[in-house]
Amino acid sequence: MNIRLDTVVKTFETFRAVHGVSLDIKSGELVALLGPSGSGKTTILRMVAGLEFADGGQIHFGDEDATDIPVRDRGVGFVFQHYALFPHMTVAENIAFGMKVSKVKRSSTDIDRRVTELLDLVQLSGLGERFPGQISGGQRQRVALARALAVDPRVLLLDEPFGALDANVRRDLRRWLRSIHDELGITTLFVTHDQEEALDLADRVVILDKGKIVQQGTPEEVCRSPANAFVMRFLGDTNALKAVVRDGRATVDTMTYDAIGLKDGPAELLFRPTDVEWGHDPAKGVAAKIVRVLDRPGSKRVLAQTASGDSVEFDVSPEFAEQKGATGYIEILRPRLFQD
Ligand SMILES: Nc1ncnc2c1ncn2[C@@H]1O[C@H](COP(=O)(O)OP(=O)(O)OP(=O)(O)O)[C@@H](O)[C@H]1O
């Protein structure tokens, strides 16, 4: 089932939360909507679900205009961060609930068989008789997914489903969710503000800022070719140095970098902490002094200050021996220049 959003707009009273968003989600694709708090992710998801109406533009499910399809007929399964399970029902009863109230009538033997299948799929076989209060948060979200899948949805909508869980459980669950998606191939829209989660899970990442799409592409495209400084910063740790562009070259302290296509004037030179080599050849980099060295399990993070007072952080191997106070030069391996 492919879904198409065409210049969708949503305004709450006077506040415009979604500004003309157009997006194609191909059948079987897993798309992540990624953006900071308030960027409009949940509003977009709720419009696709039919829980909120767009006040401009269209949403299509396949060839049909979704406006004409009532929520219960959209064939949508949801999992929300706080979409609580029914506490007085067992895990198995929670999973069976949707099938019992569905228009599609199933015999109780069929329902039991489907519940067993789904418990197996979400790796909770044997826990069907427990109550939600007797399982962990991660297990509860897996039950919520099984419940959403029980009615064979055409589309899965997931809103920060792992948001309340701790980092290790989140990591396990997203790998697990990806393998379930690969097995079932249901068109899935996933909302998150966690970059790593979006990059780990999705076929395509749609990055939002203030109700607008600022970039969409595969994880590789958005990581390797960020469209602007916002995307670069949002996707991970970023250093920024002030630069001045003149005649296609950008100057930072004593260094110059290619700036073809940029206009003369101020710019920002951005780079990742992993894209730095520390050395002692003045021809290769920007002069800096080490302020602190932090230990990480597989590396060290060096905090330094350039001669013009900008702070810079970069990663080195655990064997790096230089200490606070040492001076040297920061060679920037993948510099990216952006202008407003
Ligand atoms: N029912 C509403 N009435 C008024 N404003 C709303 C309503 N729902 C959302 N908003 C506003 O619309 C904007 C977008 O909200 P939305 O929940 O879509 O953002 P989000 O990207 O999902 O954020 P978060 O990650 O914090 O959930 C926010 O500024 C929010 O305050």
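Residues numbered from 1 in each chain as written. Predicted model: local features only at pLDDT ≥ 70, side-chain atom pairs only at ≥ 80, totals over all residues. Heavy atoms only, no water.

As recorded by an unreviewed UniProt entry, the protein carries the name Sulfate/molybdate ABC transporter ATP-binding protein and is attributed to Peteryoungia ipomoeae. Database annotation for the protein, UniProt heading Sequence similarities (unreviewed entry): "Belongs to the ABC transporter superfamily." (UniProt positions renumbered as here; feature names shortened; annotations may be inferred.)

S.K.: Help me understand the nonpolar core, please; the structure alone is not making it clear to me.
M.R.: Nonpolar side chains in soluble globular proteins tend to end up buried together. By size, the foremost hydrophobic cluster in this structure holds 45 residues, and its most contacted members are Ile95, Val115, Leu145, Leu149 and Leu177. Ranked by residues supplied to this core, first place goes to helix H4 (residues 137-149) with six residues. (Core = buried A, V, L, I, M, F, W, Y, C linked by side-chain atoms within 4.5 Å. Buried < 20%, exposed > 50% of the residue type's maximum accessible area, 1.4 Å probe, protein only. Helix = DSSP H or I, 4+ residues; strand = E, 2+ residues; numbered from the N terminus.)

S.K.: What should I look at first to understand the site of the ligand in this one?
M.R.: By nearness alone, every residue bordering the ligand is listed as Phe12, Phe15, Ala17, Pro36, Ser37, Gly38, Ser39, Gly40, Lys41, Thr42 and Thr43. Residue glycine 38 places a main-chain N or O atom 2.8 Å away from an oxygen atom belonging to the ligand. Contacts to the ligand include lysine 41, whose side-chain N or O atom sits 2.9 Å from an oxygen atom. If the ligand stood free it would expose 640 Å²; the protein chains cover 58% of that surface. At the level of elements, strand E2 (15-25) and helix H1 (41-49) are the ones that each hand at least two residues to the shell around the ligand. In terms of residues, the shell around the ligand owes the most to one element, H1, which gives three residues. (Near = heavy atom within 4 Å. Polar contact = N/O pair within 3.5 Å; in protein donor to acceptor, adjacent residues only side chain to side chain. Areas by Shrake-Rupley, 256 points an atom, 1.4 Å probe, with all protein chains shown as cover.)

S.K.: Would you explain the sheet that holds strand E17 (residues 300-306) in this entry?
M.R.: To summarise the sheet geometry, strands pair through backbone hydrogen bonds and adopt either a parallel or an antiparallel arrangement. In spatial order, the strands read E15-E19-E16-E17-E18; together these five strands make up an open sheet with antiparallel pairing. Strands at the two margins of the open sheet, each flanked by one partner only, are strand E15 (276-279) and strand E18 (311-316). The mean angle between the axes of side-by-side strands here comes to 45°, regardless of whether they run parallel or antiparallel. (Pairing = 2+ DSSP bridges. Axes fitted to C-alpha atoms, helices over the stretch in contact; angles between N-to-C directions.)

S.K.: Teacher, can you tell me more about the domain arrangement of the protein here?
M.R.: Interfaces are frequently sized by the accessible area removed from exposure as the parts join. Each assigned domain of the protein is listed with its residue range as follows: domain 1 (3-229) and domain 2 (237-338). Using only C-alpha atoms to locate each centre, domain 1 and domain 2 end up separated by 40 Å. Contacts between domain 1 and domain 2 engage six residues on the former and four residues on the latter. With both sides pooled, the region where domain 1 packs onto domain 2 buries about 340 Å², and carbon together with sulfur makes up 60% of that total. Its largest share of buried area at the contact with domain 2, domain 1 owes to Arg224, Pro226 and Ala229, together 78% of the area lost on that side. Applying the counting criterion to the domain 1 and domain 2 interface returns zero salt bridges. Taken together, the connections running from domain 1 to domain 2 amount to one residue pair in polar contact (both at pLDDT 80 or more). (Domains from an automatic or database assignment. Contact = heavy atoms within 4.5 Å. Buried area = accessible area lost by both parts, 1.4 Å probe. Salt bridge = Lys/Arg side-chain N within 4 Å of Asp/Glu carboxyl O.)

S.K.: Explain the environment of isoleucine 95 here, please?
M.R.: Along the polypeptide, isoleucine 95 turns up in helix H2 (residues 91-101). Here the alpha-carbon distance between isoleucine 95 and valine 293, two residues 198 residues apart in the chain, equals 51 Å. The contact partners of isoleucine 95, leaving out residues within four places of it in the chain, are Val115, Leu118, Leu119, Val143, Ala146, Arg147 and Ala150.

S.K.: Just to check I follow, could you spell out H2 for this structure?
M.R.: Within an α-helix, residues lying three or four positions from one another point in the same direction, as the helix has 3.6 residues per turn. For H2, the complete set of buried residues consists of Val91, Ala92, Asn94, Ile95, Ala96, Gly98 and Met99. Buried residues along H2 sit against helix H3 (108-121) and H4.

S.K.: How do you make sense of the pattern of salt bridges when you look at a structure like this?
M.R.: Any two side chains of opposite charge can pair, on the condition that their charged atoms come close. Taken as a whole and judged by the stated rule, the model has 24 salt bridges. Two residues, glutamate 196 and arginine 174, come together in a salt bridge whose shortest N-O distance is 2.6 Å. Of this pair, glutamate 196 sits in helix H6 (residues 195-201) while arginine 174 is found in helix H5 (residues 167-184), placing the two residues 22 residues apart along the sequence. Close ionic contact of lysine 210 with aspartate 209 constitutes a salt bridge, the shortest N to O distance being 3.7 Å. The exposure class assigned to lysine 210 is exposed, which follows from its relative accessible area of 63%. Looking at aspartate 209, the relative accessible area reads 17%, which means it is buried.

S.K.: Got a minute to help me understand the environment of glycine 56 in this structure?
M.R.: Note that glycine 56 resides in strand E4 (residues 56-61). Note: C-alpha distance between glycine 56 and lysine 10 (46 residues apart in sequence) is 6.8 Å. Among all residues touching glycine 56, those that are not within four sequence positions of it are Thr7, Val8 and Val9.

S.K.: Please explain the sheet that holds strand E5 (residues 64-65) as it appears in this structure.
M.R.: Reading across the sheet, the four strands line up as E2-E1-E4-E5 and stay open at both edges, with antiparallel pairing between neighbours. Bordering the open sheet on either side are E2 and E5, each of which pairs with just one other strand. The pairing of strand E1 (residues 3-12) with E4 spans five bridges and is classified as antiparallel. Its bridge partner lying in E4, arginine 4 is registered against histidine 60. With respect to the sheet, H1 is in contact with E1, E2 and E4, its orientation differing from that of E1 by roughly 120°.

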